[in-house]
Amino acid sequence: MTNLNEMLQTKYPIIQGPIGAMNSPELIAAISNAGGFGMLALGFSSNIEEIKRLILEVKKLTDKPFGANIMIINPLNEQILPLLAESGIKTVTTSVGFPGKIYPLLHDLGMKGLHVLLSVKHAVSAEKAGADGIIAAGAEAGGLRSTGSESSTMVLVPMIADSVNIPVIAAGGIADSRGYRAALALGAQGVQIGTRFLACTESPAQQRWKDQIVNCEDGGTDLLPVDYLMMRAIITPELRERLNSPDFDIKKEFKLANASKAWESADFDLVPAGAGQVSALIHDIKPVKDIIDEMVR
Ligand SMILES: Cc1cc2nc3c(=O)[nH]c(=O)nc-3n(C[C@H](O)[C@H](O)[C@H](O)COP(=O)(O)O)c2cc1C
């Protein structure tokens, strides 16, 4: 089986999880410089010039490899992927959509792709469709989910590792060396980290978002409907009060189209602060290098 570190050309098999449209060259470069795999979040990108600018900014800050996440449903992918390949990006992650559509193009461009998914069934079909690896995101992860019942990382990762012959990367619930080692013990070759890198010194997230993660306690996140999907978010006492109000129609309230605006401005009335269950294990904001050094020690 392919070795994930060889594919990523990194010191450690630690991948930055994309967070909506939040891109910070400083954070991406800090992760790559610390031995992980920094990632551009291009899922919602609609501006090729902006992508070129971001790539140049990251390259000014690191000479280490980094990658990019694309959403398969983005109509601009046929322009984005050649640009990434020309820029020297060798591995991308793909989410939201059927991989069969995009993997032939990605391979023609000489790139590898890791497909993000939430179930064994989708892992088996992603391998058949040409995915070079699977990012298995357990139900405790931050970010968007389906509306169905889903397995947690502890259950999903070994099931997928037993079902495919390509590298598996565990996502969801990993913030420190215990989670990292557990993921490897479950059969993953690496990890994808979202919430812990959202709450680090170099993260571009507003302080209010970082504070909500640090203050989150056991049971402090929940899945909320956002349009036709579910999203794991932090439930503050104020949000809990709103949710419990008889006038509050949750199905109409939170819109995916408002997520970027809400998260850039920390206006969590618009869309709540997305974060994983692992927030309850995060007690401080510290530099990426300290997080990764502790994780792999
Ligand atoms: C607020 C938020 C937004 C996210 N947005 C995306 C996204 O746009 N695309 C994607 O593939 N994953 C997205 N994710 C998932 C992360 O990339 C990562 O897989 C996940 O956070 C891992 O679980 P953890 O939060 O427990 O570390 C998001 C996660 C969070 C917390």
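Refer to the preceding data block for the structure.
Reading guide: rules and limits
Residues numbered from 1 in each chain as written. Predicted model: local features only at pLDDT ≥ 70, side-chain atom pairs only at ≥ 80, totals over all residues. Heavy atoms only, no water. Pairing = 2+ DSSP bridges. Helix = DSSP H or I, 4+ residues; strand = E, 2+ residues; numbered from the N terminus. Axes fitted to C-alpha atoms, helices over the stretch in contact; angles between N-to-C directions. Near = heavy atom within 4 Å. Polar contact = N/O pair within 3.5 Å; in protein donor to acceptor, adjacent residues only side chain to side chain. Areas by Shrake-Rupley, 256 points an atom, 1.4 Å probe, with all protein chains shown as cover. Nonpolar A, V, L, I, M, F, W, Y, C, P; charged D, E, K, R; others polar. Buried < 20%, exposed > 50% of the residue type's maximum accessible area, 1.4 Å probe, protein only. Arc of directions from axis to C-beta. Contact = heavy atoms within 4.5 Å. Left-handed = near helix turned anticlockwise from the far one by under 90°.

S.K.: Which parts of the structure should I look at to understand the sheet that holds strand S11 (residues 229-234)?
M.R.: Strands belonging to one sheet form pairs held by backbone hydrogen bonds; the direction of such a pair is parallel or antiparallel. The sheet built from 3 strands is open, its strands ordered S7-S11-S10 with antiparallel pairing. Each of the sheet's edge strands pairs with one partner strand only, and the pair in question is strand S7 (143-145) and strand S10 (221-226). Shown here is a sheet whose adjacent strand axes are inclined to one another by a mean of 35°, direction ignored. As paired strands, S10 and S11 are joined by 6 bridges and run antiparallel to one another. Looking at the pairing, Val226 lines up with Leu229 of S11.

S.K.: Explanation requested: the site of the ligand in the structure shown.
M.R.: Taken together, 23 residues lie around the ligand, and Pro18, Gly173, Gln192, Gly194 and Thr195 are the ones closest in. The separation between an oxygen atom of the ligand and a polar main-chain atom of Pro18 is 2.8 Å. Gly173 has a polar backbone atom sitting 2.8 Å from an oxygen atom of the ligand. A total of 600 Å² of accessible area belongs to the ligand in isolation, and the protein chains cover 93% of it. Its residues assigned to classes, the shell around the ligand comprises 11 nonpolar, 12 polar and no charged.

S.K.: Sorry if this is basic, but what is going on with the sheet that holds strand S3 (residues 66-71) here?
M.R.: In spatial order, the strands read S1-S9-S8-S6-S5-S4-S3-S2; together these 8 strands make up an open sheet with parallel pairing. One side of each edge strand has no neighbouring strand; the edge strands of this open sheet are strand S1 (14-16) and strand S2 (38-41). Averaged over all neighbouring strand pairs, the angle between strand axes comes to 25°, with direction disregarded. By the bridge criterion, 3 bridges tie S1 to strand S9 (residues 190-193) in an arrangement that is parallel.

S.K.: For this particular structure, what's the right way to read helix H8 (residues 177-185)?
M.R.: A turn of α-helix holds 3.6 residues, and therefore any two residues three or four places apart point the same way. Every buried residue of H8 is accounted for by Ser177, Gly179, Tyr180 and Ala183. Angularly, the buried residues of H8 cover 165° about the axis, an arc narrow enough to put them on a single face. In this structure, H8 carries Arg178 and Ala185 as exposed residues pointing more than 90 degrees from its buried face. Close packing links the buried residues of H8 with S1, strand S8 (168-171), S9 and helix H14 (288-296). With its phi angle positive at about 110°, Gly187 sits one or two positions after the end of H8.

S.K.: Just to check I follow, could you spell out the packing of helix H6 (residues 120-128) against helix H7 (residues 153-163) for this structure?
M.R.: For any two helices packed against each other, the geometry comes down to the angle between their axes and how far apart the axes lie. Between H6 and H7, the least distance of the axes is 9 Å, while the angle of their chain directions is 35°. For the pair H6 and H7, the sense of crossing is right-handed. On H7, the residues touching Val120, Ala123, Val124 and Glu127 of H6 are Leu156, Met159, Ile160 and Ser163. In terms of residue class, the contact of H6 with H7 is made up of 6 nonpolar, 1 polar and 1 charged.

S.K.: Which parts of the structure should I look at to understand the side chain of Ser279?
M.R.: When you line up the elements, Ser279 lands in the loop between helix H13 (259-265) and H14. Judged by relative accessible area, Ser279 falls into the buried class, the value being 0%. Among the polar contacts listed, one links the side chain of Ser279 to the backbone oxygen of Gly276, at a separation of 2.7 Å.

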